Amino acid sequence: VAALGLCALNKASADSLLVSSKIMLQLTPEQRKDECIHHALLVRAAVADNDYHKFFQLQDAAPNMGDYLMDKIVPSVRNSALQRIVRAYRPSVSTEFVLKELGFDIKNRKEVAGAIAWLGGCGCKFDGDMILTKETTLKEVESGVKNSLI
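Here's a quick rundown of the structure. From a predicted model like this one, the values you see are computed outputs, not experimental measurements.

## A look at the side chain of arginine 78
Along the polypeptide, arginine 78 turns up in helix α7 (residues 74-88). The residues touching arginine 78, leaving out its near neighbours within four places in the chain, are Phe56, Leu102, Gly103, Phe104 and Trp118.

## With respect to the nonpolar core
Residues Phe55, Leu82, Val98, Leu102, Trp118 and Leu119 are the most contacted members of the largest nonpolar core, which totals 28 residues. Going through the elements one at a time, α4 (35-48), α5 (52-60), α7, α8 (95-101) and α9 (109-122) are the ones with two or more residues in this core. The element that contributes the greatest number of residues to this core is α7, accounting for six residues. When sequence neighbours within four positions are dropped, the list of residues in contact with leucine 119 reads Leu82, Thr95, Val98, Leu99, Leu102, Cys124, Phe126 and Ile131.

## Notes on the packing of aromatic side chains
All chains considered together, the criterion is met by three aromatic pairs. Centre to centre, the rings of phenylalanine 104 and tryptophan 118 are 6.2 Å apart; their planes meet at 50°, and the pair counts as tilted. Of this pair, phenylalanine 104 sits in the loop between α8 and α9 while tryptophan 118 sits in helix α9; the two residues are 14 residues apart in sequence, bridging distant segments of the chain. Its guanidinium or amino end placed over the ring of phenylalanine 104, arginine 78 lies 3.7 Å from that ring's centre, counting from NZ or CZ.

## Concerning the sheet that holds strand β3 (residues 130-131)
Strand order in the open sheet formed by three strands is β1-β3-β2, and the pairing between neighbours is antiparallel. Of all strands in the sheet, those with a lone pairing partner are β1 (93-94) and β2 (126-127), marking the two edges. The sheet contact formed by β2 and β3 spans two bridges and is antiparallel. Looking at β3, one finds that aspartate 127 is bridged to methionine 130.

Rules of the game
Residues numbered from 1 in each chain as written. Predicted model: local features only at pLDDT ≥ 70, side-chain atom pairs only at ≥ 80, totals over all residues. Heavy atoms only, no water. Helix = DSSP H or I, 4+ residues; strand = E, 2+ residues; numbered from the N terminus. Contact = heavy atoms within 4.5 Å. Core = buried A, V, L, I, M, F, W, Y, C linked by side-chain atoms within 4.5 Å. Buried < 20%, exposed > 50% of the residue type's maximum accessible area, 1.4 Å probe, protein only. Phe/Tyr/Trp six-rings, centres within 6.5 Å; stacked < 30°, edge-to-face > 60°. Lys NZ or Arg CZ within 6 Å of the ring centre and 35° of its normal. Pairing = 2+ DSSP bridges.

Shown next as structure tokens:
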């Protein structure tokens, strides 16, 4: 299960995609019903589809300690999601909405403060509680975290 999770979450190389595909093809219907494997397959699909909303929903519902595996690719998912949000919501969007979509805990003041600082570091322009998407020019902020699990 851990090997499938690692392969499913690692999108850094063609070799890992090949390994992931081979493992998925070898899964029996009964194995696919296993909670962890089913979850890993859903995460893999969300990452492959660039579905950040589904990805963060799955992270909140991860069985066992799967959310710790998912933490490894959160920075790249967030960067990609922020780019899509800024392009899609014009001329502005609620900061709270963006924080929720990017998987931040909006009830945690410390996390919200860090998230807003991160958004500012990415180039977001603010007007009160709104992100001025039309005036925002994004730059990718280095998180210091490797996006690959392998």
